[in-house]
There are 2 protein chains.
Amino acid sequence: MMKKGTGEDEMTKLYRNTKKTTMKTRRARIFLTVVLAFVLVLVTTAAWAADPLSSWNDGPAKQVIVKFVGDVTREGDPNFVQPAERIATFDNDGTLWAEQPMYFQLAFALDRVKALAPQHPEWKDKEPFASLLKGDLKAALAGGERSLLEIVMATHAGMTTAEFEQIVKDWTATAKHLKTKRLYTEMVYQPMIELLAFLRANGFKTYIVSGGGIEFMRPWTEKVYGIPPEQVIGSSIKTKFEMKDGKPVLMRLPEVDFIDDKAGKPVGIHKFIGRRPILAFGNSDGDLQMLQWTAAGSGMRFMGLVHHTDADREWAYDRKSHIGTLDKALDEAQAKGWTVVDMKKDWKVICPFEKQ
Amino acid sequence: MMKKGTGEDEMTKLYRNTKKTTMKTRRARIFLTVVLAFVLVLVTTAAWAADPLSSWNDGPAKQVIVKFVGDVTREGDPNFVQPAERIATFDNDGTLWAEQPMYFQLAFALDRVKALAPQHPEWKDKEPFASLLKGDLKAALAGGERSLLEIVMATHAGMTTAEFEQIVKDWTATAKHLKTKRLYTEMVYQPMIELLAFLRANGFKTYIVSGGGIEFMRPWTEKVYGIPPEQVIGSSIKTKFEMKDGKPVLMRLPEVDFIDDKAGKPVGIHKFIGRRPILAFGNSDGDLQMLQWTAAGSGMRFMGLVHHTDADREWAYDRKSHIGTLDKALDEAQAKGWTVVDMKKDWKVICPFEKQ
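These figures come from a predicted structure and were not determined experimentally.

Caption draft 1: Broad picture of the overall build of chain A. For chain A, the count of helices and strands is 14 helices and eight strands. The 356 residues of chain A split such that 53% are buried. Accessible surface for chain A amounts to roughly 17,000 Å². Of this, 56% is attributable to carbon and sulfur atoms.

What follows is the structure, given as structure tokens:
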């Protein structure tokens, strides 16, 4: 629409100029009118040719999204929002890519334990590593959060940031999901990728705000989602600046820096962005505070939840799931009229490879 | 230059179209040629009319900057850098605005102590507040870092983020520097503001990376420097998400979260941006690690230091100053050929108001 406006305006000016010039022949006027008509047809056709949300069924979710974006971007509309304030934040696990039967970052950590085991002979007799190496995930995680933290620190710390980035790149380029046999970065949601692009085309800045590791996401989010590293917010461990062989490096320390989940999400948003989002999308109770924080701003707001309802094409889970529990946030969404996307009904396809 | 290219291209296309149309009269062709020539003259004049770094003298510093920006933005140049990677980081105190005779944020904290004193009768007998309220700054700060931290926490914590933002806005709109009687936001460096704009016009993303408080800077950096809140990195205290009268707020806690100074600067850059800058500018030893981190990347790099050499128009200080100590970083800059800006020789004006 922006393009159409500009084109029209410039052509109109050109047209008016012809009246002032001494060469205002009928032929020149007709010529410009023809060009003007041609440009208008071209621009209009281009704008209408493709539905930017073509993987969404024409249900209420899509309608609310399209109306919201239309309203906040239409100059003169009472709900108009300046481009600089068009901040959109998205959870990652379960919102932009799948999270079953375990968070993909946990699959990464388990693969790393196996890869690192030869350098750690002591792991054979040390939990949670001993159970993990025997393939008994349940026993390994029996120690709860402490076991998980040990696994994370053993696999995510102790190297430079550049080394870790390369490890993540190698893993995402080769590791396959056990059920689908697809690369993890293929198990992303096509309708959400379209939504991200649609928002950016309308002047939004799209951010990830995830409980997952910031450095686990940044190496691939630009390629997969079009989200650059500086727009990825996540959990982190501390890093330390050091000189190593005369070169400065950042060493990754086995110490939690920030947990970007639940009440941590608004904290992360405020810390990294310093502006309140006008649109936020999540899929679990871990996103509730981000949605509340977004809703509490003035003016028109959009709060969305992806509800996993499709056991055939993806997974179906909500209130009782240990991963991606959607309970309190679902109640609040229903009470406050937030948009709940029914994956089964609202999405024509789930992952990009289904379109091929 | 971009505009010129586009203008030429569209007009050329329009011109070519005339050959295909059935109405290719000589008159229409002449008309378009005249328009084309007119547009070219207009665009060229606009591009050459103003020197974007007009407050810089034509010395070596300006030459290095202009050459660097030219090289990294010229497609086909061996030093060409994709726009997404054109990250530029700037220290704030002493680099973008003045820092004498005390950091402006300390002046803010002292003003806040005075403003809050009526609510804290106990301060009359409690250091460092008692000395401060008597106007004895030296005695107040005799306790070193601990005293400073007490002053900062008493004045920067205990309110919501929205309340603090308003306090900073009110202060920057009214408080005057004791020596110059100017607003603090007027005591910014015109040549650096021109450099920031010049970089952005060439596809750079400009960031602040300061030891100062992130929330002390964000309320005014967009207006003063053209740097939006999401591109401001600084020191911070922790915040906590809470419901207050049914509304979500972020409470500012009296607990240090992150110190964005010295070895903390590369940590902050990596945490917030996730990319290494190709240009960095500081003025003190607190910026040395940021400059080292920037220099260690591959490809062409620019490392700059503002050297305060102008006792008449600003202040002159370096190795022995307690504020903005420039000692080790000056040695390293000289040894490695980094650009050292001599404020007295390189800058035609220091602050914007001198131009008025």
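Once you've had a look at it, read on.
Caption draft 2: Structural view of the confidence of the model for chain A. Residue and element names in this part refer to chain A. For chain A, mean pLDDT is 90; residues scoring 70 or higher make up 86% of the total. Here residues 1–24 is a poorly scored stretch, pLDDT under 50, and it has 26 contacts once near neighbours within four places are set aside; other chains count. Predicted complex metrics record ipTM = 0.86 and pTM = 0.87.

Caption draft 3: Looking closely at the pattern of salt bridges. All names here are of chain A. Enumeration over the complete set of coordinates arrives at 49 salt bridges over all chains. Between aspartate 91 and lysine 265 there is a salt bridge, with the nearest N and O atoms lying 3.0 Å from each other. Of the two residues, aspartate 91 sits in the loop between β1 (87–90) and α4 (104–116) while lysine 265 sits in helix α11 (residues 264–272), which places them 174 residues apart along the sequence. We classify aspartate 91 as buried; its relative accessible area is 5%.

Caption draft 4: Up close: a nonpolar patch on the surface. Side chains of Leu149, Val256 and Ile259 of chain A sit close together on the surface and give an oily, nonpolar patch of about 240 Å² of accessible area. Leucine 149 of chain A sits in the partly exposed class, given a relative accessible area of 42%.

Caption draft 5: Representation of empty space enclosed by the protein. One pass over the structure, following the stated rule, counts two cavities of 30 Å³ or more. Contributing to the lining of the largest cavity are Lys205, Tyr207, Glu230, Gln231, Ile233, Phe272 and Ile273 of chain A together with Lys205, Tyr207, Glu230, Gln231 and Phe272 of chain B. Among the residues forming the lining of the largest cavity, the class breakdown is six nonpolar, two polar and four charged. Considered as a void within the structure, the second largest cavity measures approximately 30 Å³ in volume. The wall of the second largest cavity is formed by Lys271 of chain A together with Ile214, Gly234, Ser236, Asp257, Phe258, Lys271 and Phe272 of chain B. When residues of the lining of the second largest cavity are traced back to their parent elements, those giving at least two are β3 (232–244), β4 (247–258) and α11 (264–272) of chain B. A breakdown of the residues in the lining of the second largest cavity according to their chemical character gives three nonpolar, two polar and three charged.

Caption draft 6: A look at helix α12 (residues 288–295) of chain A. With respect to burial, α12 of chain A is a largely interior element, seven of its eight residues being buried. Considered for burial, the residues of α12 of chain A that qualify are Leu288, Gln289, Met290, Leu291, Gln292, Trp293 and Thr294 of chain A.

Caption draft 7: Structural detail: unusual backbone geometry. Residues and elements named next belong to chain A. Following glutamine 100, the chain continues into proline 101 via a peptide bond in cis, with omega recorded as -5°. By the secondary structure assignment, proline 101 is in the loop between β1 and α4. One non-glycine residue, aspartate 245, adopts positive backbone phi at about 50°. Mapped onto the secondary structure, aspartate 245 falls in the loop between β3 (232–244) and β4 (247–258). A residue is classified by how much of its surface remains accessible, and aspartate 245, at 78% relative accessible area, is exposed.

Caption draft 8: Fine view of the pairing of β1 of chain A. All names here are of chain A. Residues Ile87 and Thr89 of β1 are buried on one face, and the alternating residues Ala88 and Phe90, pointing to the opposite face, are buried as well. Examined bridge by bridge, β1 and strand β2 (residues 205–213) share four bridges and lie parallel to one another. Paired with isoleucine 87 across the two strands is lysine 205, which belongs to β2. Judged from the three bridges that link them, β1 and strand β5 (residues 279–282) form a sheet pairing that is parallel. By the bridge assignment, threonine 89 is partnered in β5 with alanine 280.

Caption draft 9: How the structure looks around the packing of α11 of chain A against α12 of chain A. Residue and element names in this part refer to chain A. Remark: α11 packs on α12, axes separated minimally by 7 Å, with the N-to-C direction vectors making an angle of 55°. Taken together, α11 and α12 sit at an angle that is classed as oblique. For the pair α11 and α12, contact is made by Lys265, Pro266 and Ile269 and by Gln289, Met290 and Trp293, respectively. Looking at the contact of α11 with α12 residue by residue, the classes come out as four nonpolar, one polar and one charged.

Caption draft 10: How the structure looks around the side chain of glutamine 289 of chain A. Structurally, glutamine 289 of chain A can be placed in helix α12. The class of glutamine 289 of chain A is buried, set by a relative accessible area of 17%. Not counting the four nearest positions on each side in its chain, glutamine 289 of chain A is found in contact with Lys262, Ala263 and Pro266 of chain A together with Phe241 of chain B.

Caption draft 11: A look at the packing of aromatic side chains. On inspection of all chains with the given rule, the structure shows 35 aromatic pairs over all chains. Between tryptophan 97 of chain A and tryptophan 220 of chain A the ring centres are 4.5 Å apart and the planes differ by 25°, which places this aromatic pair in the stacked class. In this pair, tryptophan 97 of chain A sits in the loop between β1 and α4 while tryptophan 220 of chain A sits in helix α10 (residues 214–225), placing the two residues 123 residues apart along the sequence. Grouping residues by exposure puts tryptophan 97 of chain A and tryptophan 220 of chain A together as buried. Ring plane angle 50° and centroid distance 5.3 Å describe the contact between tyrosine 189 of chain B and tryptophan 347 of chain B, whose orientation is recorded as tilted. Taken together, the residues tyrosine 189 of chain B in the loop between α8 (161–174) and α9 (190–201) and tryptophan 347 of chain B in the segment after α14 (343–346) connect sequence positions 158 residues apart.

Caption draft 12: How the structure looks around the pairing of β3 of chain A. All names here are of chain A. Direction of pairing for β2 relative to β3: parallel, over a ladder of three bridges. Residue pairing across strands places glycine 213 opposite serine 235, the latter belonging to β3. Pairing analysis gives eight bridges linking β3 to β4, with the strands arranged antiparallel. Across the sheet, lysine 244 pairs through a bridge with lysine 247, a residue of β4. The hairpin turn running from β3 into β4, its antiparallel successor, is two residues long, and aspartate 245 in that turn takes a positive phi close to 50°.

Calculation rules
Residues numbered from 1 in each chain as written. Chains lettered and ligands numbered in written order. Predicted model: local features only at pLDDT ≥ 70, side-chain atom pairs only at ≥ 80, totals over all residues. Heavy atoms only, no water. Helix = DSSP H or I, 4+ residues; strand = E, 2+ residues; numbered from the N terminus. Buried < 20%, exposed > 50% of the residue type's maximum accessible area, 1.4 Å probe, protein only. Areas by Shrake-Rupley, 256 points an atom, 1.4 Å probe, with all protein chains shown as cover. pLDDT = per-residue confidence, 0-100. Contact = heavy atoms within 4.5 Å. Salt bridge = Lys/Arg side-chain N within 4 Å of Asp/Glu carboxyl O. Patch = residues over 30% accessible without salt bridge, like charges linked within 9 Å, V, L, I, M, F, W, Y side chains within 5 Å. 1 Å grid on protein atoms, 1.4 Å probe; cavity = no way out; pocket = protein on both sides within 12 Å on 5 of 7 lines; lining within 4 Å. Points joined across faces, edges and corners; volume = space filled by probe spheres on them. Nonpolar A, V, L, I, M, F, W, Y, C, P; charged D, E, K, R; others polar. Pairing = 2+ DSSP bridges. Axes fitted to C-alpha atoms, helices over the stretch in contact; angles between N-to-C directions. Parallel < 35°, antiparallel > 145°, perpendicular 65-115°, else oblique. Phe/Tyr/Trp six-rings, centres within 6.5 Å; stacked < 30°, edge-to-face > 60°.

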